[in-house]
Amino acid sequence: MESIISTRGLTKKYNSFTSVNKLSINIKRGTIYGFLGPNGAGKSTTMKMLLGLTKPTSGKFRIDGKKMPEDRIEILREIGSFIESPSYYPNLTGRENLDIIRSILGLKKKDVEEVLELVGLSEFGDRLVKKYSLGMKQRLGLAGALIGKPPILILDEPTNGLDPAGIHEIRNLIKRLPKMYDCTIMISSHLLSEIELIADDIGILNHGRLLFEGSMEELKRTAKAQGIKDDNLEEMFLSMVNVDNYERMQRAVL
Amino acid sequence: MIGLELKKEKRTGVTLVLFITGILGALYVLLNYSIRGDSLLAMPMKPMDILLTQLYGMIMVLNVFALIVATSLVYSMEYSGAAIKKMYILPISMCKVYMSKFLIIISMFLVSVVIQNTALLWIGKTELSKGEFEIVTLIAYTVYTFLTSLPVLSFMLMIALIFENMWVVLGVGVAGFLSGLALATSKTELLLIHPFIVMFKPATAMTSNVNVNTIIIALIETIAFLILGLVISQNKRID
């Protein structure tokens, strides 16, 4: 299947600290790609590089055949994104915030109502965002990413701050999106339990390095081969991370 | 693009601050003249010079702080909810965003200056003796004071873009005002590189004559800070 996002040797260094280390990933069109890793693994930094928020130190990537920064505007026109925490104008209502995004994307007025409905914020649309709860801000951030049905969605831990019911609701929504909107989703999380319920493919990142990339089935096969029960993928994930951490420590000692 | 920026600025008070400054400036002019009019006109100066230079000092102080506050607000709304991060990942030119903010503030500041000078026009027409009021001098002085204020506007907008903390921006503005005030009467031409000193020039002069050199310096500084701001806005990284 054709890759809609592909990176080659993508690296980001902050002085002597390497946040993302020669990352090469492939995200297939029309799939949900779970980007997994412990806190500080480099997931957000990778997503920021894909969106042009952070300049890579080295390496390259293509999104739907286009390159950053040359095709920045064209790339961003195709991507709906939600990075780390929701971004909003606190002086505006939820509806007004989405209307700003709608104006920039040149969408119709009804798109705002549609997306408010989709994330369950319709009745709070006229409330100032500074009076929103964290969960409501999170939903607004998600609405800002979904508005206009973009062909690519980049979502960085979108269920942070949501209550269990909200997590369930948003997870189900994300799962339905590729069929509803014919889109590709890259979603990050530090919980495999969260990702395994929705993702087709996953990439596991630790200290900026890609430890595994493949389908859920391949991950299960790998787990089985290593003697880990395939119904306990969380253990598989932790084991991969721990082995990598151990090897890093060994290298550091040497 | 300007329409979009105006939508974003709703409830921030950016345009209101500048409009109120215009009204306050006009009220100050009228009140001051009604109280001190006779003693002002008794000064050994041309009536038009008295009308323009003796009342401009306080107006200028109002304008400086209005520009500091307006430029701070226009970017603090972008930073307070991290909205600017969203702007950077939308298909929009951040240069155009910056330019729109600049144009909105400059337009509202022009409205404010016109309101203030309308009060001077009214005093000139009604209070000065026949033949003493010169409309051309008033217009020239209005343009002069407007243009010499632009470096502060341009500089402060750039500062507001650079610093995410609004208090830092306000601090830079106050420091600029105080240092400008302290050095305003200096004869050293090099000090005109300080945008606040350029704005203070008409207020420290005893005549309403327009100083072309000061205008040229003001325009160069305005354009230089504007270009610098545009470059920074395009290359700023939001982490």
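For the structure itself, consult the block above.
Calculation rules
- Residues numbered from 1 in each chain as written.
- Chains lettered and ligands numbered in written order.
- Predicted model: local features only at pLDDT ≥ 70, side-chain atom pairs only at ≥ 80, totals over all residues.
- Heavy atoms only, no water.
- Contact = heavy atoms within 4.5 Å.
- Buried area = accessible area lost by both parts, 1.4 Å probe.
- Salt bridge = Lys/Arg side-chain N within 4 Å of Asp/Glu carboxyl O.
- Polar contact = N/O pair within 3.5 Å; in protein donor to acceptor, adjacent residues only side chain to side chain.
- Helix = DSSP H or I, 4+ residues; strand = E, 2+ residues; numbered from the N terminus.
- Nonpolar A, V, L, I, M, F, W, Y, C, P; charged D, E, K, R; others polar.
- Buried < 20%, exposed > 50% of the residue type's maximum accessible area, 1.4 Å probe, protein only.

**Description of the interface of chain A and chain B**
Argument step 1. Tallying the contact residues gives 34 residues for chain A and 25 residues for chain B.
Argument step 2. Summing both sides of the interface, chain A and chain B together bury roughly 2,600 Å²; the carbon and sulfur share of this comes to 56%.
Argument step 3. Two residues, B:Arg11 and A:Glu96, come together in a salt bridge whose shortest N-O distance is 2.9 Å.
Argument step 4. Applying the counting rule to chain A against chain B returns 16 residue pairs in polar contact (both at pLDDT 80 or more).
Argument step 5. Contributing elements (two or more residues each) for the side of chain A that touches chain B: helix 2 (72–78), helix 3 (94–105) and helix 5 (134–146) of chain A.
Argument step 6. In terms of residue class, the side of chain A that touches chain B is made up of 17 nonpolar, nine polar and eight charged.

**Quick look at the pattern of salt bridges**
Should their charged atoms come close, side chains of opposite charge can pair.
Argument step 1. Summed over all chains, the structure comprises 20 salt bridges over all chains.
Argument step 2. When the shortest N-O distance is used, the salt bridge between A:Asp64 and A:Arg29 registers 2.8 Å. Of the two residues, A:Asp64 sits in the loop between strand 5 (58–63) and strand 6 (66–67) while A:Arg29 sits in the loop between strand 3 (26–28) and strand 4 (32–36), which places them 35 residues apart along the sequence.
Argument step 3. Classification of A:Asp64 as partly exposed rests on a relative accessible area of 25%.
Argument step 4. On the accessibility criterion, A:Arg29 (32% relative accessible area) is partly exposed.
Argument step 5. The partner of A:Asp99 in a salt bridge is B:Lys7, with the nearest N and O atoms 3.1 Å apart. Here A:Asp99 is found in helix 3, whereas its partner B:Lys7 is found in helix 1 (residues 2–8) on a different chain.
Argument step 6. The buried category is assigned to A:Asp99, whose relative accessible area is 13%.

Geometric values such as these leave the question of function open.
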